Amino acid sequence: MKYKFSSSIILGSILAALLGGCSAGDPETANTSGDSLAEKSFVAPGEKDEFYLFYSGGHSGQVFVAGIPSMRHIVTIPVFSPYPGTGYGFDDESRAMLGEYTWGDVHHPGLSQTDSLYDGRWLFVNDNANNRVARIDLRDFKTKQILGPIPNSSGNHGSSFVTENTEYILVATRFSVPLPKGRVAPMESYADEFNGMVSGIKVDQETGEMSLGWQILTPPFNWDLGSTGKGPSSGWAFWTSYNTEMAHETLEVNASQRDRDYAAFVNWKSAEQAVADGKAEMIDGVPVLDPSAVPGVMYFVPVGKSPHGVDTDPSGRWIVASGKLQPTTTVYDFEKVLAAIEAEDFQDTFRGIPVLNYDAIAEGEVPVGLGPLHTQYDGEGNAYTSLYIESAVAKWKLPPWTEEQRADMESIVTDKMPVHFNIGHLVVGGSDTREPYGKWLVAMNKLSKGRHANVGPSQPESSQLIDISGEKMEMVFEAYTEPEPHFAQILKVDAIEPIEVYPKAENHHPHAVWSLDEGTTWREGDTVHAKIVAVRSRFGPEKIEAKVGDKLVIHVTNIEQTSDMIHGLGISEHNINVVIDPGETKTITLDLKKPGVFPFYCTNFCSALHQEMQGYLVVEPAGETAMSQ
Amino acid sequence: MKNPLKSSSETNLPWWRRELRFLDRALNPLSRGLMLVAAVLFALVVLFPLWRITLVAPQYQEGLRLTIYAYQLVGGNGGQDLVEINNLNHYIGMKPIEESDFVEITWLPFVLGIFVILSLRAAVLGRISQVIDILVLFTYLGLFSLGLFYHRLYTYGHDLDPKAPMTIEPFTPVIIGKNKIANFVQWSYPSVGGWLMLLIPVVLVLAVWFSRKGRRA
Ligand SMILES: [Cu+2]
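Scoring rules and cut-offs
- Residue positions are counted from 1 within each chain, in the order its sequence is given.
- The naming scheme follows written order: chains are lettered A onward, ligands numbered 1 onward.
- Whole-chain, interface and lining totals are the exception, using all residues; otherwise, since this is a predicted model, local features are given only for residues with pLDDT of at least 70 and side-chain atom pairs are given and counted only at 80 or more.
- Only heavy atoms go into the side-chain values, all of them from the structure, while hydrogens and water stay out.
- UniProt positions are given in the numbering used here, feature names are shortened, and annotations may be inferred rather than shown by experiment.
- Only runs of H or I of at least four residues qualify as helices and only runs of E of at least two qualify as strands under DSSP, and these elements are numbered from the N terminus.
- We call a set of buried Ala, Val, Leu, Ile, Met, Phe, Trp, Tyr and Cys residues a nonpolar core when their side-chain atoms join them within 4.5 Å.
- A 1.4 Å probe rolled over the protein chains alone gives each residue an accessible area, and that area as a share of the maximum for its type sets the label: buried under 20%, exposed over 50%, partly exposed in between.
- The contact criterion used throughout is that any non-hydrogen atoms of two residues lie within 4.5 Å.
- A 2.8 Å cut-off from the metal defines N, O and S donors, relaxed to 3.2 Å for Na, K and Ca; water is not in the atom list, so some sites may appear incomplete.
- Square planar and octahedral assignments, for four and six donors respectively, both demand that opposite donors be over 155 degrees apart and that all other angles lie between 65 and 115; tetrahedral needs four donors with all angles between 85 and 135 degrees, and anything else is irregular.
- The pairing test for Phe, Tyr and Trp rings, Trp by its six-membered ring, is centres within 6.5 Å, and the orientation test on the planes gives stacked under 30 degrees, edge-to-face over 60, and tilted for anything in between.
- Criterion for a charge above a ring: Arg CZ or Lys NZ at most 6 Å from the ring centre, at most 35 degrees from the ring normal.
- Throughout this description, the term salt bridge denotes a Lys or Arg side-chain nitrogen within 4 Å of a carboxyl oxygen of Asp or Glu.

- Chain A goes by Sec-dependent nitrous-oxide reductase in an unreviewed UniProt entry, where it is assigned to Oceanipulchritudo coccoides.
- Regarding chain A, the relevant UniProt record gives this comment under Subcellular location (unreviewed entry): "Periplasm".

Structure, rendered in structure tokens:
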């Protein structure tokens, strides 16, 4: 099988899309029967959504939670950026977690799985910018761990892909750099001195604690999206790459020269075994495998030009990869992949890594449309591919195909829905599990121009809700989302039972206090400590005395055990605001640098006398303390 | 015509003495069975909740519940509702509701135990007068407890701290029924144990009724 497109067609199409100013998005075509559509996404006041939509906040560093079908934003989970709204990044614990960074670039949330089904334990997200992964606990919707920067890994874009039983979070590098990090090599030596990496982040099954498992060294390709296997592809993981040209400048052109790039098919179970067998070399504290020296760990697979996404179907047999600069998407049969590996049916090797014979493993190329990026599945044998350039979603049939269908591959594409505009990812609930929910598809579009009341040059993204329960897709709702949703995960609301208060019995903070008479302040050398109770509608104690030059350590406990009875503690002119949930204790450490009487107050409206919930931090000038005492 | 069953001395008694003679009558097997039932009911009263108070407000749609047992006071939601009620009550200057205020829960199970013993005694020895004793004592206990309960509620609602953030008219929470206090609607009703307590006198009366014409003990 050969690619059935010419570069002139692509170029023409791209030009049409660019020059046409996204004319595909005629608002009139999107909605034909407003009332019945409104009913589909209407969630009456007091009613609850059926699904959670966890969507990444991109360079805002956050994760946003919305409901489906209402598409209403419910809550923001801060991860890589401080968020005064929940006091994240102000108390000692979250500040330590953020480390030296005040932002991250969240791209791909991944729900934890057991037996290839969502188990509702954790949500993992990546930071493309600073090479980190974070774990959000779905028991309380809070960020519990940030791991990284990951050694030998630069540009953590190709994650967070969760293995079948959450053994690993798989990570691949978008950028290649000289390794180990900290080393400098001339740009001209890019192809030889720079490297990419694929990493397995190990997850403790009890605690969710992430640690570095192993890494696999790769040529300096730019690794892109990935997915994990199941069923026949159990134990495997897949990533696409661009820039197999190994260009280091003007990638726009120089990385778009080859008609094919490579996907990496990685046997992570073999990698795990090889590391256990001592075949890895330690680089920067991590066991790293050289795949050319450890056969069976990594294979290259030719894919269409400059691919972005690769997605395993719910059965685990069909692996779908799209080259964004070609109008088709390729379906690989993983059973044929295994047979080709067995028969050593390689068309080439690249730096000692076998390149599988494309014709032997490709089931077919589906003419989905222009700029195919990502594919999702409904569990009913249908696939949905986002078309960036075309601003549309294509619905098509997964194999097996009949002879008639093979003869006319156009017939495999059964529906197309315009979206507004330039769709990146799309998500169908549970698409990466054995049993997708189907029902809804959310298209996450990069541009929203002209779709909303004008808000000036900084425009939001748009997320569109599409009903996929019928034969034809139906556009139901449109929401404007904060920058910038890349990917999302959908989880049934009744799949989890988050807590609403932290039970007092679980609070093991050494300085938690539970009644107003226990609240106290004391001095140890140059450190003033305060154990403070926050309860409707007062702090206890409500006066803290210290002097300039002191370090102040405040432990504040919200002793409420009532749902939604949240208190805050903001300190005037000290850049401090923590928010304490019921039953929670937070610690703040600050250096007192200026004299004065500084009010502190409850920042999270709690009660009729919330406004009265206040106190004073008295900071004496350094020299006068002796006199006043 | 003389009733052959009545002795001649009986006929000589004043009418009211004659009316009370039935107290000496023996309980028939049915009535003895009912006394066993009464003994069981007294025991069950200890186990089941006597009264339930529920407070509902716009922001407490699920209700704050307070359940009174013969031996304990339990807040709903794992005890949290009682903490919450006290938390809210501090705004109107009401004293915290504490289990230790309810002195009767230290002696009520003991008293109910006595009633179990008395009922068993009546079932075995089988005299109507013993049943009547239980009925009278139990009625007294019931009225006394209700009175105490009312007094306690009255005190909670009237003994308000004058320095409290919110000033409200002193009030008495209802014992049975529904009442509005500020933004709350208060519901107060007997629970299983309370209904059993109402059932007990019925059982006792039936035990007397079925043996009213029996032989003398
Ligand atoms: Cu407050």
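Alright, that's what it looks like, and here's the rest.
1. Concerning the UniProt feature "transmembrane region" (unreviewed entry) in chain B
Phase 1: Those places that UniProt annotates as "transmembrane region" (unreviewed entry) correspond, in this numbering, to residues 33–51, 105–124, 131–150 and 192–211 of chain B.
Phase 2: The span residues 131–150 of chain B carries 100% helix and 0% strand; its end-to-end C-alpha distance comes to 28 Å.

2. Side note on the nonpolar core
Phase 1: Counting residues in hydrophobic clusters, the biggest one holds 84 residues, and the most contacted among them are Ile-544, Ile-554, Leu-569 and Leu-617 of chain A together with Met-35 of chain B.
Phase 2: Looking at this core, the element that brings in the most residues is helix α6 (residues 128–158) of chain B, giving 9 residues.
Phase 3: Non-local contacts of Leu-617 of chain A, meaning those with residues more than four positions away in its chain, are made with Ile-544, Leu-552, Ile-571, His-574, Leu-592, Gly-596, Val-597, Phe-598 and Phe-600 of chain A.
Phase 4: Formed by 31 residues, the second largest nonpolar core is a distinct cluster that contains Phe-161, Ala-172, Ala-271 and Ala-274 of chain A.

3. What about the coordination of the copper ion?
All names here are of chain A.
Phase 1: Bound to the copper ion are the protein donor atoms His-567 (ND1), Cys-602 (SG), Cys-606 (SG) and Met-613 (SD), situated 2.1 to 2.6 Å from the metal.
Phase 2: The coordination sphere of the copper ion comprises 4 donor atoms, whose angles at the metal cover 94 to 126°; the geometry is tetrahedral.
Phase 3: The motif formed by the donor residues of the copper ion, counted along the single chain, is H-x34-C-x3-C-x6-M.
Phase 4: Taking relative accessible area as the criterion, Cys-606 reaches 10% and is therefore assigned buried.

4. Overview of the packing of aromatic side chains
Phase 1: If you walk through the whole model with that rule in mind, you get 36 aromatic pairs over all chains.
Phase 2: When the centroid spacing of 5.5 Å and the interplanar angle of 45° are considered together, the rings of Phe-221 of chain A and Phe-300 of chain A count as tilted. Within this pair, whereas Phe-221 of chain A is found in the loop between β13 (210–218) and β14 (222–228), its partner Phe-300 of chain A is found in strand β19 (residues 298–304), the two being separated by 79 residues in sequence.
Phase 3: What links up through ring pairs into an aromatic cluster is the set Trp-236, Phe-238, Phe-265, Tyr-299, Tyr-332, Phe-334, Phe-346 and Tyr-358 of chain A.
Phase 4: Positioned above the aromatic ring of Phe-102 of chain B, the side-chain terminus of Arg-152 of chain B is 4.9 Å from the ring centre.

5. Side note on the pattern of salt bridges
All names here are of chain A.
Phase 1: A full pass over the atoms with the stated rule returns 28 salt bridges over all chains.
Phase 2: Measuring nitrogen to oxygen at the nearest pair gives 2.9 Å for the salt bridge that ties Asp-119 to Arg-121.
Phase 3: Residue classification places Asp-119 among the partly exposed positions, given a relative accessible area of 22%.
Phase 4: Note that Arg-317 and Asp-333 form a salt bridge whose closest N and O atoms lie 2.8 Å from each other. Note that Arg-317 is positioned in the loop between β20 (307–312) and β21 (318–323) and Asp-333 in strand β22 (residues 329–333), a separation of 16 residues in sequence.

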